[in-house]
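Structural overview for review
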Amino acid sequence: MRIGQGFDVHKFAGDGPVKLGGISIDCDQGLLAHSDGDVVLHAICDAFLGAIGKGDIGVWFPDTAEEFAGADSARLLETVWAAVKAEEYELANLDVTVICQKPKINPHRAAMQERIATILAVPKSQVNIKATTTEGLGFTGRSEGIASMAAVLLVASNTASS
Ligand SMILES: [Zn+2]
């Protein structure tokens, strides 16, 4: 088995919507990023890369690279997931926490779970989305940005079904 964790932050800038967990969510501000700024998918990418010992998202998709400007983070996650599969691991489970004061995450949790499970082609039961505010404290509390954490557990493919 392999465990990995990921963390990402993007700051608010410009107009919404925001992209979170692969879906577009209405928000009065957007997120500043080289890619689409999807902190949830970025944290998941980092958790997977950590689990297989392959560095981090900045190494794989440099924010100086023109080819990743405005990138759909679902494509980045697909690339990382393919690397996990190439190492012959399967997903046991993925647990995500979104930390923000806005937008409200709860109404979108099911759609995010469904979208992420679809990208990975795994059952929804292996993907969990949680959300919390920081009760007005810190940069997320001041609505200066959104943070996300992800934890994954991988199992070797040859033992996944046993
Ligand atoms: Zn990011």
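If you look the protein chain up in an unreviewed UniProt entry, it shows as 2-C-methyl-D-erythritol 2,4-cyclodiphosphate synthase from Aliidiomarina iranensis. Per UniProt, the comment on the protein chain under Sequence similarities (unreviewed entry) is "Belongs to the IspF family." Quoted verbatim from the Pathway (unreviewed entry) field of the UniProt record, the comment on the protein chain reads "Isoprenoid biosynthesis; isopentenyl diphosphate biosynthesis via DXP pathway; isopentenyl diphosphate from 1-deoxy-D-xylulose 5-phosphate: step 4/6."

As a further point, take the coordination of the zinc ion. Ideal coordination angles are 109.5 degrees for a metal with four donors arranged tetrahedrally and 90 or 180 degrees for a metal with six donors arranged octahedrally. Only Asp-8 (OD), His-10 (NE2) and His-42 (ND1) from the protein coordinate the zinc ion, and they sit 2.0 to 2.1 Å from it. In the primary sequence, the donor residues of the zinc ion line up as D-x1-H-x31-H. Residue His-10 is located in strand β1 (residues 2-11), and its partner His-42 is located in helix α1 (residues 39-51); the two are separated by 32 residues in the primary sequence. We note that His-10, like His-42, is buried.

Tallying each qualifying case throughout the model produces three aromatic pairs. Residues Phe-48 and Trp-81 carry aromatic rings whose centres are separated by 5.1 Å and whose planes lie at 45° to one another, so their mutual orientation is tilted. Linking Phe-48 in helix α1 with Trp-81 in helix α3 (residues 73-86), this pair joins segments that are 33 residues apart in sequence. For Phe-48, a relative accessible area of 0% gives the class buried. Centre to centre, the rings of Trp-60 and Phe-61 are 6.3 Å apart; their planes meet at 55°, and the pair counts as tilted. By relative accessible area, which is 28% here, Trp-60 ends up partly exposed. Given a relative accessible area of 11%, Phe-61 falls into the buried group. Counting every residue linked through ring pairs, the aromatic cluster contains Trp-60, Phe-61 and Phe-68. One residue, Lys-102, lies across the ring of Phe-12, its end atom 4.9 Å from the ring centre.

Another point: the UniProt feature "site: Transition state stabilizer" (unreviewed entry) in the protein chain. This chain's UniProt record puts "site: Transition state stabilizer" (unreviewed entry) on His-34 and Thr-133. Taking the farthest pair of C-alpha atoms as the criterion, the annotated set spanning 100 residues is dispersed, since that pair is 25.1 Å apart. Turning to its location among the elements, His-34 is positioned in the loop between β3 (23-25) and α1. Not counting residues within four places of it along the chain, the set of residues in contact with His-34 comprises Pro-62, Asp-63, Thr-64, Ala-65, Phe-68, Ala-69, Gly-70 and Ala-71. Take Thr-133: it is sitting in the loop between β5 (127-132) and α5 (138-141). When near neighbours in sequence (up to four residues on either side) are disregarded, Thr-133 contacts Cys-100 and Gln-101.

Residue classification places His-42 among the buried positions, given a relative accessible area of 6%. Engagement of the side chain of His-42 in a polar contact is seen with the side chain of Ser-73, the distance being 2.8 Å. Leaving out residues up to four positions away in the same chain, His-42 has contacts with Asp-8, His-10, Ser-35, Asp-36, Gly-37, Ile-57, Ser-73 and Leu-76.

Think of an α-helix as 3.6 residues a turn; residues three or four steps apart then line up on the same face. Compared with the 16 Å implied by 1.5 Å per residue over twelve residues, the 17 Å span of helix α4 (residues 109-120) between its first and last C-alpha is a close match. Residues of α4 that are buried: Met-112, Ile-116, Ala-117, Ile-119 and Leu-120. For α4, the angular spread of buried residues about the axis comes to 160°, placing them on one side. In α4, the exposed positions angled more than 90 degrees off the buried face are occupied by Ala-110 and Thr-118. Buried residues in α4 make contact with β2 (18-20), β3, α1, α3, β4 (89-99) and β5. One or two residues past the end of α4 sits Ala-121, with phi positive at roughly 55°.

Rules used in this analysis
Residues numbered from 1 in each chain as written. Predicted model: local features only at pLDDT ≥ 70, side-chain atom pairs only at ≥ 80, totals over all residues. Heavy atoms only, no water. UniProt positions renumbered as here; feature names shortened; annotations may be inferred. Donors = N, O, S within 2.8 Å, 3.2 Å for Na, K, Ca; no water. Helix = DSSP H or I, 4+ residues; strand = E, 2+ residues; numbered from the N terminus. Buried < 20%, exposed > 50% of the residue type's maximum accessible area, 1.4 Å probe, protein only. Phe/Tyr/Trp six-rings, centres within 6.5 Å; stacked < 30°, edge-to-face > 60°. Lys NZ or Arg CZ within 6 Å of the ring centre and 35° of its normal. Contact = heavy atoms within 4.5 Å. Polar contact = N/O pair within 3.5 Å; in protein donor to acceptor, adjacent residues only side chain to side chain. Expected span 1.5 Å × (residues − 1). Arc of directions from axis to C-beta.

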